[in-house]
Amino acid sequence: MTLVRRGRIPSVPELAVKARVSRATAYRYFPGRSKLVSAVVAESLAPVRRFEPTATDGLVRVRELFDKTFPLFKRFEPHMRAALQLALEHESLERMGILEEEPYRRGHRRYMLHRAAAPLAATLGPEAYDRLLKALSLVYGIESYVVLRDIWGSSYREVEAVARFMLEALIESAVRQAPPSEGRRASPSRSRP
């Protein structure tokens, strides 16, 4: 965690030196960078992954997810950037057929967003619900930090404000465009608590 916080993914031999263990011991725990970054992300994002929404309304649940977990991304930004960096590198190497280690895969946000937004599925229908989850996944993650901080020079406060704005706009648009259908529940609450 400390080495990644410094802004780059350490090699397993570097980790062994820092931890004062043999290379063989380090490789036993982390046979490659994928396992190393997976361990770092699992440790740093454990509070995010454990989050359980309590509301019954889908919009309120997604707001709750953002309120309780999105600010944690600031704290673990270096770790999430390391995961993004490795995933991009591995995807490129894998497409060229020259990846020489286990590929690093991401994807927990799909589960997190679905768990929070699930009550909206009945309102939106399968296609619109799937589209909403994909749109929310562009907001909920390190990528929004990368774009807003690196390209726009935004503060952390502004990153959160823009993410919340996008969250509200995406859900409101999805609900507004949902075709009326018998058996579907009424639109979720649009007012911010």
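Values in this document were obtained by computation on a predicted structure and should not be read as measured data.

Asker: Explain helix H11 (residues 126-139) here, please?
Answerer: Counting along an α-helix, one turn takes 3.6 residues, and residues three or four places apart therefore face a common direction. With 14 residues, H11 should reach 20 Å at 1.5 Å per residue; the first-to-last C-alpha distance of 20 Å fits that figure. Within H11, the full set of buried residues consists of Ala128, Tyr129, Leu132, Leu133, Ala135, Leu136, Ser137 and Val139. The inward-facing, buried residues of H11 contact helix H6 (58-69), helix H9 (108-117), helix H10 (120-124), helix H12 (142-151) and helix H13 (156-177).

Asker: I tried to follow the packing of H11 against H13 on my own but got confused; where do I start?
Answerer: In a pair of packed helices, the angle between the axes and the distance between the axes together describe the arrangement. It is the contact of H11 with H13, at a shortest axis distance of 10 Å, that shows an interaxial angle of 170 degrees. What the angle tells us is that H11 and H13 run roughly antiparallel. Contacts between H11 and H13 involve Leu132, Ala135, Leu136 and Val139 from the former and Ala163, Met166, Leu167, Leu170, Ile171 and Ala174 from the latter. For the contact of H11 with H13, the class distribution of residues is 10 nonpolar, no polar and no charged.

Asker: Could you clarify how one ought to interpret the packing of aromatic side chains in this entry?
Answerer: Taken as a whole and judged by the stated rule, the model has 8 aromatic pairs. A centroid spacing of 6.4 Å and a plane angle of 40 degrees characterise the contact between Phe70 and Tyr140, whose relative ring orientation is tilted. Taken together, the positions of Phe70 in the loop between H6 and helix H7 (72-75) and Tyr140 in the loop between H11 and H12 put the pair 70 residues apart, joining distant regions of the chain. Of the two residues, Phe70 and Tyr140, neither departs from the other in class, the shared state being buried. For the pair Tyr145 and Tyr156, a centre-to-centre distance of 6.1 Å together with 50 degrees between the ring planes defines the contact as tilted. Placement of the pair is Tyr145 in helix H12 and Tyr156 in helix H13, with a sequence separation of 11 residues. Pairwise contacts between aromatic rings join Phe66, Phe70, Phe73, Tyr140, Tyr145 and Tyr156 into one cluster. Its end group placed over the ring of Tyr156, Arg149 keeps NZ or CZ at 3.8 Å from the ring centre.

Asker: How should I be thinking about the confidence of the model for the chain in this particular structure?
Answerer: Caution applies to low-pLDDT regions: their predicted coordinates should not be interpreted in detail. Residue-level pLDDT values for the chain average 90, and 93% of them are 70 or greater. Across residues 182-191, where pLDDT falls below 50, the model places 25 contacts with residues more than four positions away in sequence or in other chains.

Asker: I tried to follow a nonpolar patch on the surface on my own but got confused; where do I start?
Answerer: On the surface, Val147, Ile151 and Trp152 cluster together into a nonpolar patch covering about 380 Å² of accessible area. Position of Ile151 among the secondary structure elements: in helix H12.

Parameters and conventions
- Residues numbered from 1 in each chain as written.
- Predicted model: local features only at pLDDT ≥ 70, side-chain atom pairs only at ≥ 80, totals over all residues.
- Heavy atoms only, no water.
- Helix = DSSP H or I, 4+ residues; strand = E, 2+ residues; numbered from the N terminus.
- Expected span 1.5 Å × (residues − 1).
- Buried < 20%, exposed > 50% of the residue type's maximum accessible area, 1.4 Å probe, protein only.
- Contact = heavy atoms within 4.5 Å.
- Axes fitted to C-alpha atoms, helices over the stretch in contact; angles between N-to-C directions.
- Parallel < 35°, antiparallel > 145°, perpendicular 65-115°, else oblique.
- Nonpolar A, V, L, I, M, F, W, Y, C, P; charged D, E, K, R; others polar.
- Phe/Tyr/Trp six-rings, centres within 6.5 Å; stacked < 30°, edge-to-face > 60°.
- Lys NZ or Arg CZ within 6 Å of the ring centre and 35° of its normal.
- pLDDT = per-residue confidence, 0-100.
- Patch = residues over 30% accessible without salt bridge, like charges linked within 9 Å, V, L, I, M, F, W, Y side chains within 5 Å.
- Areas by Shrake-Rupley, 256 points an atom, 1.4 Å probe, with all protein chains shown as cover.
- Salt bridge = Lys/Arg side-chain N within 4 Å of Asp/Glu carboxyl O.

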